[in-house]
Amino acid sequence: MTHRQDRTLATSGLARVEGEGAMHVRVRGSQVDEVRLDIYEPPRFFEAFLRGRSYTEPPDITARVCGICPVAYQTSACQAIEDACGARVDGQIAGLRRLLYCGEWIGSHVLHIYMLHAPDFLGYPGAVEMAADHRGIVERGLALRRAGNAIMELLGGRSIHPVNVRVGGFYRAPSVAELAPLARHLRDALPLALETVRWVAGFDFPDFTCPHELLALTESGRYPIERGTVVTGGGLAFPASGFEQHVIEEQVPHSTALHARLAGTGRADGDRYLTGPLARYSLNSGSLPPQAAQAAAEAGLGRDCRNPFRSIIVRAVEVVCAIEEALRLIEEYQPPAAPSVAVTPREGAGYGVSEAPRGVLYHRYELDGEGIVRSARIVPPTSQNQRAIEDDLRRFVQARLHFDDARLTSECEQAIRNYDPCISCSTHFLDLRIDRG
Amino acid sequence: MTGSAAPGGSAVVIGIGNEFRRDDGAGPAVLARLDGQVPAGVTLLVSDGEPAGLIEAWTGAPLAVIVDAVRAEPGVPGRLHRLVLHQAGAAEVRPVSSHGLGLDTAIGISRALDRMPGALIVHAVEAADLGQGPGLTPAVAAVIDTLAGAVMRELTSDQIC
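Owing to the predicted nature of the structure, the values given are computational and were not obtained by experimental measurement.

### Let's talk about the overall build of chain A
Across its full length, chain A carries 13 helices and 14 strands. For chain A, the proportion of its 437 residues judged to be buried stands at 53%. For chain A, the share of sequence-separated contacts (at least 6 apart) that also reach a separation of at least 24 residues comes to 75%.

Right, here's the structure in full:
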């Protein structure tokens with residue numbers, strides 16, 4: 001029995017643990033009057049148990065927040081603690097940090113492009129079904145993923161939750177000889193990455209634009225990855241230490257994740273904003289390395305990209321960028337005198353930002369004179385994007401209310417996938433409800 | 001202990017899980033117990049369950065043994081299961097996050113790409129607590145030795161049944 005005016009649809013899936021992410025859409029008459037994306041957010045727990053730990057521990061502890069982007073957590077943590085301690089990491093050690101981060105970008109983006117997002121555009125229910133018809137394409141994705149993992153394993157010590165990262169740099173720096181096979185691997189991967197851009201650029205994309213303010217890092221002369229100044233499309237620019245003055249987090253009743261808003265935008269459409277590939281690309285496309293820039297141009301991206309469905313192209317371009325950057329860093333590499341710089345604890349606060357695959361990841365730590373963490377704050381990209389995602393979904397659903405529930409459910413899921421939300425490292429439960437009561 | 005298996009080589013044992021999610025750390029705990037105990041050439045690998053990594057790890061291996069925590073309803077924490085997989089089940093959902101892909105996806109893709117190991121055996125333990133934090137619950141901690149022994153028997157047995 002179906003009551004058209006009071007109907008609930010649910011698609012749900014369970015992987016390995018507790019918790020859930022859910023989307024709730026409420027329609028009244030011909031208007032979508034509420035969209036809620038409920039996200040369980042693990043970093044809040046980590047903030048609590050970082051208190052009382054030594055200043056050397058956050059990189060290893062926070063890496064466990066996320067199995068897909070541990071390097072992002074390690075890097076933002078290291079930079080925040082180094083900032084608190086007045087230490088500066090640059091030269092070859094900073095280059096190795098960027099190289100490791102390139103590995104994470106490649107792995108995360110390729111996983112999303114091939115396993116998750118592409119099946120939407122090709123009409124498959126999932127990567128398994130797509131693999132049956134497109135063996136060569138999926139093998140290409142696996143080969144690219146291997147290239148990312150190769151960087152992670154060499155520099156990080158292993159491909160998940162790297163163990164070679166420490167405050168001040170690394171426990172061990174590779175030799176030039178060790179990097180040589182990695183460079184060959186990456187040179188082999190580069191044409192695969194370029195093929196990926198051409199492949200995804202040929203997909204059909206719905207006509208949809210997100211109007212939000214954009215927030216990303218920027219660096220002079222190069223694409224932002226492991227560090228940078230925070231900038232917005234509206235012209236704000238501030239260092240990591242200014243993050244909490246500009247990004248205000250608030251509790252909302254329906255989610256354990258805080259919602260973020262950007263203060264002082266002066267925009268009529270509100271203070272929501274978007275971070276991640278679209279923002280990163282749109283605010284930094286002029287800084288892409290040559291082959292990535294050419295690939296973007298050939299894919300028709302233009303100087304900016306505001307269609308979330310086309311984020312798959314941006315991710316593919318960023319894979320090219322990461323490979324190019326990794327090759328450049330390897331070519332310029334000379335082993336540092338020591339794999340890390342000395343970091344002596346002192347009382348104070350420090351701030352760190354980096355561009356996780358899903359957007360800006362902010363860390364702040366307060367240390368006492370012995371280097372014990374007194375407080376920690378982590379602002380992950382998905383919670384920053386939550387309000388923008390909800391707003392996009394509201395407009396997306398409003399324009400498609402004439403679809404039946406099954407099709408609307410499916411398209412909403414695809415729309416959410418555009419953002420590759422990190423609902424939680426281990427929380428894989430999506431429950432979509434459309435209430436037309 | 002963590003790394004990629006050598007394709008075409010010997011058996012691989014993969015512990016899937018996260019030590020910071022309570023009983024989800026059962027797989028890594030079993031691998032820690034096996035470290036240094038397994039026959040020469042056997043690869044031990046801790047994984048977060050990401051499918052591309054799993055596929056790479058078991059491609060070409062004559063035997064892949066997976067150790068993982070599972071949730072059952074109704075469940076009996078610490079209860080053990082052994083599955084010899086001949087056929088991947090269809091994925092029931094399409095996750096919105098790349099964190100949501102897992103063993104089932106890895107098996108499905110491997111089958112499509114002819115990358116399945118010679119045999120794939122899953123040893124699973126029912127979890128009591130998959131919340132945040134380190135440390136296994138007593139019911140799961142109590143069976144880690146049993147699980148490690150079961151994996152050792154897989155590695156030394158001539159037959160898979």
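### Brief notes about the environment of alanine 216 of chain A
Residues and elements named next belong to chain A. Mapped onto the fold, alanine 216 is located in strand β5 (residues 213-218). A sequence separation of 192 residues divides alanine 216 from histidine 24, and the C-alpha atoms of the two residues are 28 Å apart. If sequence neighbours within four positions are ignored, alanine 216 has contacts with Pro224, Val231, Thr275, Ala279, Arg280, Leu283, Asn284, Glu355 and Val360.

### Digging into unusual backbone geometry
Residues and elements named next belong to chain B. With phi around 50°, arginine 22 is a residue other than glycine that occupies positive phi space. Mapping arginine 22 onto the fold places it in the loop between β1 (12-16) and α1 (26-34). Look at arginine 22 and you get buried, because 24 C-beta atoms sit within 10 Å. In this structure, aspartate 114 takes a positive phi of about 55° despite not being glycine.

### Observations regarding the pairing of strand β5 (residues 120-126) of chain B
Residue and element names in this part refer to chain B. Among the seven residues that make up β5, six are buried, leaving the element largely enclosed by the rest of the structure. Inspection of the sheet shows strand β3 (residues 64-70) paired to β5 by seven bridges, in the parallel sense. Pairing of valine 65 across the sheet is with isoleucine 121, part of β5. Pairing of strand β4 (residues 80-84) with β5, which is carried by five bridges, proceeds in the antiparallel orientation. Looking across to β5, one finds that leucine 83 is bridged to valine 122.

### Observations regarding the environment of cysteine 85 of chain A
Residues and elements named next belong to chain A. Structurally, the position occupied by cysteine 85 is in helix α3 (residues 70-85). Sequence separation of cysteine 85 and proline 277 is 192 residues, and the distance between their C-alpha atoms is 31 Å. Sequence-distant contacts of cysteine 85, defined by excluding residues within four places in its chain, comprise Val343, Thr344, Pro345, Arg346 and Gly350.

### Some details on the pairing of β1 of chain B
All names here are of chain B. Of all the five residues making up β1, five are buried; the element is thus mostly covered by neighbouring parts of the structure. Residues of β1 alternate between two faces, with Val12, Ile14 and Ile16 on one and Val13 and Gly15 on the opposite face, all of them buried. Note: β1 against strand β2 (residues 43-47), five bridges, orientation parallel. Paired with isoleucine 14 across the bridge in β2 is leucine 45. Each parallel crossover has a hand, and for β1 linked through α1 to β2 it is right-handed. The sheet contact formed by β1 and β3 spans four bridges and is parallel. Counterpart to isoleucine 14 in the pairing with β3 is isoleucine 66.

### Examining the confidence of the model for chain B
Residue and element names in this part refer to chain B. Confidence in the prediction for chain B averages 83 pLDDT; 82% of positions are at 70 or higher. Per-residue pLDDT stays below 50 along residues 1-8; that stretch engages in 24 contacts with residues further than four places along the chain or on separate chains. Between residues 87-95, whose pLDDT stays under 50, and residues either more than four places distant or in other chains, the model counts 23 contacts.

### Digging into the environment of arginine 395 of chain A
Among the secondary structure elements, arginine 395 of chain A is positioned in helix α12 (residues 381-398). Residues arginine 395 of chain A and phenylalanine 46 of chain A, 349 residues apart in the sequence, show an inter-C-alpha distance of 34 Å.

### Observations concerning the sheet that holds β1 of chain B
Residue and element names in this part refer to chain B. Judged by pairing direction, the sheet is mixed, and its five strands sit side by side in the order β2-β1-β3-β5-β4 without closing on themselves. Because the sheet does not close on itself, it has two edges, and the strands there are β2 and β4. Averaged over all adjacent pairs, the angle separating strand axes in this sheet is 20°, with direction ignored. Sheet strands touched by helix α5 (residues 144-156): β1, β3, β4 and β5. Its angle to β5, the strand with the most contacts, is close to 170°.

### With respect to the sheet that holds strand β6 (residues 229-232) of chain A
All names here are of chain A. Here four strands make up an open sheet; going across it, the order is β7-β6-β5-β10 and the pairing mixed. This sheet does not close on itself; its edge strands, each paired only once, are β7 (237-238) and β10 (273-274). The strands touched by helix α9 (residues 277-284) are β5, β6 and β10; relative to β5, the strand with the most contacts, the crossing angle is about 70°.

### Details of the confidence of the model for chain A
Summarising the model, chain A shows a mean pLDDT of 87, and 87% of its residues fall at 70 or more. Under a pLDDT of 50 for its full length, residues 1-20 of chain A has, in the predicted model, 59 contacts with residues more than four places off or in other chains.

### Quick word on helix α11 (residues 311-331) of chain A
In a regular helix each residue adds 1.5 Å, so 21 residues correspond to 30 Å; α11 of chain A covers 30 Å between its end C-alpha atoms and thus fits that length. Burial analysis of α11 of chain A places 19 of its 21 residues in the buried class, the great majority of the element.

### Here's the deal with the packing of α12 of chain A against helix α13 (residues 405-417) of chain A
Between two packed helices, the angle of one axis relative to the other and the distance separating the axes together describe the packing. All names here are of chain A. Running from N to C, α12 and α13 cross one another at 150°; their axes reach a closest spacing of 11 Å. α13 is crossed by α12, and the crossing has right-handed handedness. Packed against α12, whose contacting residues are Ile389, Asp392, Leu393, Phe396 and Val397, the element α13 presents Leu408, Cys412, Ala415 and Ile416 at the interface. In the contact of α12 with α13, the residues fall into eight nonpolar, no polar and one charged.

Scoring rules and cut-offs
Residues numbered from 1 in each chain as written. Chains lettered and ligands numbered in written order. Predicted model: local features only at pLDDT ≥ 70, side-chain atom pairs only at ≥ 80, totals over all residues. Helix = DSSP H or I, 4+ residues; strand = E, 2+ residues; numbered from the N terminus. Buried ≥ 20, exposed ≤ 12 C-beta atoms within 10 Å, placed from the backbone. Contact = placed C-beta atoms within 7 Å. Pairing = 2+ DSSP bridges. Right-handed = clockwise from strand over helix to strand, strands pointing away. pLDDT = per-residue confidence, 0-100. Axes fitted to C-alpha atoms, helices over the stretch in contact; angles between N-to-C directions. Expected span 1.5 Å × (residues − 1). Left-handed = near helix turned anticlockwise from the far one by under 90°. Nonpolar A, V, L, I, M, F, W, Y, C, P; charged D, E, K, R; others polar.

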